[in-house]
Amino acid sequence: MPELPERKWTMVVNLDTCTGCNACVVACHAENNVPIVSEEEVVRGRAMHWIRIERYWEGEWPDVKARYIPVMCQQCERAPCEPVCPVYATLHSQRENLNLQVYNRCVGTRYCQNNDPYKVRFFNFFDPNFEGLLKEQLNPDVTVRSAGVMEKCTFCVQRIRRSEEQALVADRPLRDGEVVPACVQACPTSALVFGDLKDPESEATRLVRGNQRKFRLLEELGAEPQVYYLQSGHSAVNE
Amino acid sequence: METTHDVPIWRRPPPEDTELSHQLEHERRQHLLLDPRYPLDIDGGVLKPMYRHTWRFWLVTALLAGLVLLFGAIWTTQMILGLGITGLNRPVMWALYIVNFVYFIGIGHAGTFISAALRVLKIEWRRPISRAAETLTVFALIAAAMFPVVHVGRAWKAYWLLPIPTQREIWPSYHSPLIWDFTAIFTYLTCSILFAYIGLLPDLAMARDHTIGWRHRLYEVLALGWRGTEREWANQETALNVFSYAIIPVMFSVHTIVSWDFAMAVQPGWHSTVFGPYFVIGALFSGAGAVIMALVLIRKAMHLEYFLRDEHFDGMGKFLLLLSLTWAYFYFNDYLVPWYGQEPVEKVLHQLLATGSAAPLWFLMIFCNVVLPWTTLWSRRVRTSIPAIFTISVLIQVGMYLERYIIIPVTLGRNEFPYSWGVYLPNWPESLITVGAFALIGLLYVLFSRIFPMIPVWEVYEGQVLQGLRRIGRALVPTKAEPGD
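Note that the structure is a prediction, hence the values are computed from the model and not measured. Per-chain numbering applies: the sequence of each chain, read as written, is numbered from 1 onward. Here the convention is simple: chains get letters from A, ligands get numbers from 1, in the order in which they are written. Whole-chain, interface and lining totals are the exception, using all residues; otherwise, since this is a predicted model, local features are given only for residues with pLDDT of at least 70 and side-chain atom pairs are given and counted only at 80 or more.

### So, the overall build of chain A
Just so we agree on the cut-off: For the purposes of this entry, the term helix denotes a DSSP run of H or I that reaches at least four residues, the term strand denotes a run of E that reaches at least two, and both are numbered from the N terminus. We compute the radius of gyration over the C-alpha atoms and compare it with the globule rule, which gives 2.2 Å times the number of residues raised to the power 0.38. Exposure criterion: with C-beta atoms placed from backbone coordinates, a residue whose C-beta has 20 or more other C-beta atoms within 10 Å is buried, one with 12 or fewer is exposed, and one in between is partly exposed. By definition, residue pairs are in contact when their C-beta atoms, positioned from the backbone, come within 7 Å.
Along the backbone of chain A there are six helices and ten strands. On C-alpha atoms alone, chain A measures out to a radius of gyration of 18 Å, which is about the 18 Å that the 2.2 N^0.38 rule sets for 239 residues. When the backbone C-alpha atoms are referred to their principal axes, chain A occupies close to 50 × 50 × 35 Å. Taking all 239 residues of chain A together, the buried fraction comes to 43%. Taking the intrachain contacts of chain A between residues at least 6 apart in sequence as the baseline, contacts between residues at least 24 apart amount to 60%.

Structure representation (structure tokens):
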């Protein structure tokens, strides 16, 4: 088995171009077999979206602006959710810098969700119910989770794995842009960019490096999140 | 008073002086240890109530057993359908089950404290109440230990949290406070059971010598051949002393570690360094209240008025007041520092408690835990009035339960992202399971009280032998001999 290179997978979210269309949410549901919960369950606060669009209003009516911010697992380098798991169901992949979730190890203490400042972890309160044709579109690459386990965004680890294997078979390095998570693929305005920060030439590195618009969520907590946001409403002209 | 060694303590003649005789009468009414009786009468006073099976006993037992069965049925349903049948949601992932866990562990602190700490400090009035307190500790710990299993999403996999070698070849992660918790509680439960059992041995032997039939056979096995030789007593004394000293730090560690389940997390309102001692005091506070309730109930149900007197409720009442003051001190510490800091999330939490939807809970908690004890327990008349001290103890349970409720589901509802805020309301499954857990402790307690002596006879007898009265001038002064001096 050849040594696979070290990675630092990252997501860059350009808030200027995000229109809040929710295409990423739908794509994620389809790709990752995320359970679709009933209306009553959503009202009870049990909606499950590995990526969600948080909508905030800015200003006072009528001079009001909607701000959208897509929030998914931030794949923190020093993730608070990891050490509290008593059964190593959530743990760190040092090589890829991913925050892994091992469903069949999880006993459902839900400690990780308490200690997750971004609240991007989801608990299966019931067994998932894929009705009718939805069952036919389940992704065979992704486990369907049972009741009682936690789940969260994986940066589409199955796609990362497949691309790396294809590159390995072809005996060539992984090209930038070859790994495309479902949300990135679906984004009509290309507000989401996925890439390897270890690769100095990647699109993600280019966007992050020296960019004054970049910020990370709750950076002061020191969790070292790996999702970078590019501030909206600050064009160079205004400044 | 002059005593001669050949007269047994229960047959000492009263003093001839009438004033001294009156004083003696008064002291005997007040203090169990100055009121010795014929040993067989004392044995009988403990053993006879164990045979009392009135219709009330069966009614209570049946009711409690029914609630425990309901507990089992709901838990089974929850395992089949999923935790969705409870009121849990995102972000409130821990709620009533963890509240119960913390509450019952807290109850489990007082027994040891009363038995071990008061023993170490040689506080004599503890003697008749130690068994009732230790028993409550053990049963409360059993109920508490159940709740993490009831709480997890896949209860049938809960053994994965145990450090036992299995085919999975994955050791539990000692980074997680939950595993520290498991270690501390397991140690404490083991120590508590052994401690209670060592103290029970002479009484089991006593019961063995006074019974026939299945009881005799049971006590014969459990008494481990205790004969009451000098050597056995010396060994028992040593063992109890070792346990008393060893179990106190274990007790402190348990609730400190329980508090770390919260304090180690980045959740606002949890991330506090004062949580360790604050939780320990809270545990002792609710635990002491629960012991008073248990004492009142067994005194009434088993007619133990000879053993459990005003002096015991008086002593426990003072203890309760002291704990209330200490609890308030720690609560103030935990409240003032974040309030002064005025961090946005902490501010939101404080507003929620002071003027928001959680305000009724918060004010009721302050009333039960601070206002009520401070305004009543300073009075000896209140402390020695059984209905009053029982009511106060019940309200302290309410207050301490609310405190845990506020810390867990109410606090979890708020975090850094207003988008992810939520409100938890208990649903019927977890509410009934909570009732069932109280019933389980009650059931175990009721059954235990009919099989095992609820008053440590040997301790009472030992205390009565050591205790004496000495005449100084015109007054009688209680004195105590130190064994081994």
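### Considering the overall build of chain B
Along its length, chain B carries 16 helices and two strands. Compactness check: chain B gives a C-alpha radius of gyration of 24 Å against a globular reference of 23 Å for 485 residues, within 12% of the reference. Principal-axis analysis of the C-alpha atoms gives chain B an extent of 80 × 50 × 45 Å. Here chain B, with 485 residues, has 42% of them falling under the buried criterion. Across chain B, every contact between residues at least 6 apart in sequence was considered, and the portion connecting residues at least 24 apart equals 79%.

### Quick look at the sheet that holds strand E8 (residues 192-196) of chain A
Residues and elements named next belong to chain A. In plain terms, the rule: Being paired, for any two strands, means DSSP has found at least two bridges between them.
The sheet built from four strands is open, its strands ordered E8-E1-E10-E9 with mixed pairing. In the strand order of this sheet, the two ends are held by E8 and strand E9 (214-215), each with one partner. In the sheet, strand E1 (residues 9-14) pairs with strand E10 (residues 227-230) via four bridges, with the strands oriented parallel. Across the sheet, Val12 pairs through a bridge with Tyr228, a residue of E10.

### Quick look at the interface of chain A and chain B
Our working rule: Note on residue categories: nonpolar means Ala, Val, Leu, Ile, Met, Phe, Trp, Tyr, Cys or Pro, charged means Asp, Glu, Lys or Arg, and polar means any other residue, Gly included.
At the interface, 31 residues of chain A touch 34 residues of chain B. Among the elements of the structure, helix H3 (111-114) and strand E6 (121-123) of chain A are those that each provide at least two residues to the side of chain A that touches chain B. Here the side of chain A that touches chain B gets three residues from one element, more than from any other, and that element is H3 of chain A. Among the residues forming the side of chain A that touches chain B, the class breakdown is 18 nonpolar, seven polar and six charged.

### Quick look at the nonpolar core
Nonpolar side chains tend to gather and get buried jointly when the protein is soluble and globular. To keep it simple, the criterion reads: Structurally, a nonpolar core is described as a collection of buried Ala, Val, Leu, Ile, Met, Phe, Trp, Tyr and Cys residues joined by way of C-beta atoms within 7 Å.
Counting residues in each nonpolar core, the largest one holds 182 residues, and the members touching the most others are Leu192 of chain A together with Ala95, Ile105, Ala288 and Val291 of chain B. A total of 17 residues in this core trace back to one element, the largest contributor, which is helix H9 (residues 275-302) of chain B. Among all residues touching Leu192 of chain A, those that are not within four sequence positions of it are Met11, Val13, Cys24, Cys183, Val184 and Cys187 of chain A.

### So, helix H4 (residues 96-120) of chain B
Residues and elements named next belong to chain B. Just so we agree on the cut-off: To estimate the expected span of a helix, subtract one from its residue number and multiply by 1.5 Å. Bend is the name given here to the angle between axes fitted to two runs of seven residues, the run ending at a residue and the run starting at it.
Its 25 residues place the ends of H4 36 Å apart at the C-alpha level, agreeing with the 36 Å of an ideal helix rising 1.5 Å per residue. Remark: the principal bend of H4, roughly 35 degrees, maps to Phe113. Most of H4 is tucked away: 23 of the 25 residues are buried. Lys122 sits one or two residues past H4 and shows a positive phi near 55 degrees.

### Brief notes about the environment of Ile193 of chain B
Along the chain, Ile193 of chain B turns up in helix H6 (residues 177-210). Put simply, Ile193 of chain B and Thr135 of chain B are 58 residues apart on the chain and 8.6 Å apart in space, counted from C-alpha to C-alpha.

### Regarding the confidence of the model for chain B
Low pLDDT marks stretches whose predicted atomic positions should not be read closely. Stated precisely, the cut-off is as follows: A residue's pLDDT is the confidence the predictor assigns to it, expressed on a 0 to 100 scale.
Averaged over all residues, the pLDDT of chain B is 91; the fraction at 70 or higher stands at 98%. Model confidence for the complex: the whole-complex pTM is 0.94, and ipTM, which rates the interface, is 0.91.

### Description of unusual backbone geometry
The omega torsion across Trp61 of chain A and Pro62 of chain A is 5 degrees, close enough to zero to call that bond cis. By the secondary structure assignment, Pro62 of chain A is in the loop between strand E2 (52-58) and strand E3 (65-71). Omega for the peptide link from Arg90 of chain B to Pro91 of chain B comes to 15 degrees, which places this bond in the cis form. Tracing the sequence through the fold places Pro91 of chain B in the loop between helix H3 (55-81) and H4.

### Regarding the pairing of strand E5 (residues 98-101) of chain A
One face of the sheet, then the other: side chains in a regular strand alternate in exactly this way. All names here are of chain A. Where strand E4 (residues 90-93) lies against E5, four bridges are found, and the strand directions are antiparallel. Bridge pairing links Ser93 to Leu98 in E5. Here E4 folds back onto E5, and the loop between the two strands holds four residues, one of which, Asn97, carries a positive phi near 55 degrees.

### Overview of H6 of chain B
Between its first and last C-alpha atoms H6 of chain B spans 48 Å; for 34 residues at 1.5 Å apiece the expected length is 50 Å, and the two agree. The principal kink in H6 of chain B, of about 40 degrees, is found at Leu201 of chain B, preceding the proline Pro202 of chain B by one to four residues.

### Points about the packing of H6 of chain B against helix H8 (residues 230-263) of chain B
Residue and element names in this part refer to chain B. Put simply, the test is: Orientation is described by axes fitted as lines to C-alpha atoms, over the contacting stretch for helices, and by angles from 0 to 180 degrees between their N-to-C directions. For classification purposes, angles smaller than 35 degrees are called roughly parallel, those larger than 145 roughly antiparallel, those between 65 and 115 roughly perpendicular, and all remaining angles oblique. For any helix crossing, the convention is left-handed if the near helix is rotated counterclockwise from the far helix by under a right angle, and right-handed if that rotation is clockwise.
The interhelical angle for the contact between H6 and H8, taken along N-to-C directions, is 155 degrees, at an axis separation of 9 Å. Comparing the axis directions of H6 and H8 gives the class roughly antiparallel. Two packed elements cross with a definite hand, and for H6 against H8 that hand is left-handed. Tallied by class, the residues present in the contact of H6 with H8 amount to 22 nonpolar, four polar and two charged.

### Things to note about the environment of Ala144 of chain B
Within the secondary structure, Ala144 of chain B sits in helix H5 (residues 130-151). For Ala144 of chain B and Ile85 of chain B, which are 59 residues apart along the polypeptide, the C-alpha to C-alpha distance reads 21 Å.

### Side note on the packing of H4 of chain B against H5 of chain B
Residue and element names in this part refer to chain B. H5 packs onto H4 with a crossing angle of 160 degrees between their chain directions and a minimal axis gap of 7 Å. In terms of their interaxial angle, H4 and H5 are classed as roughly antiparallel. In this structure, H4 crosses over H5, and the sense of that crossing is left-handed. Across the contact of H4 with H5, the residue classes break down as 17 nonpolar, eight polar and one charged.

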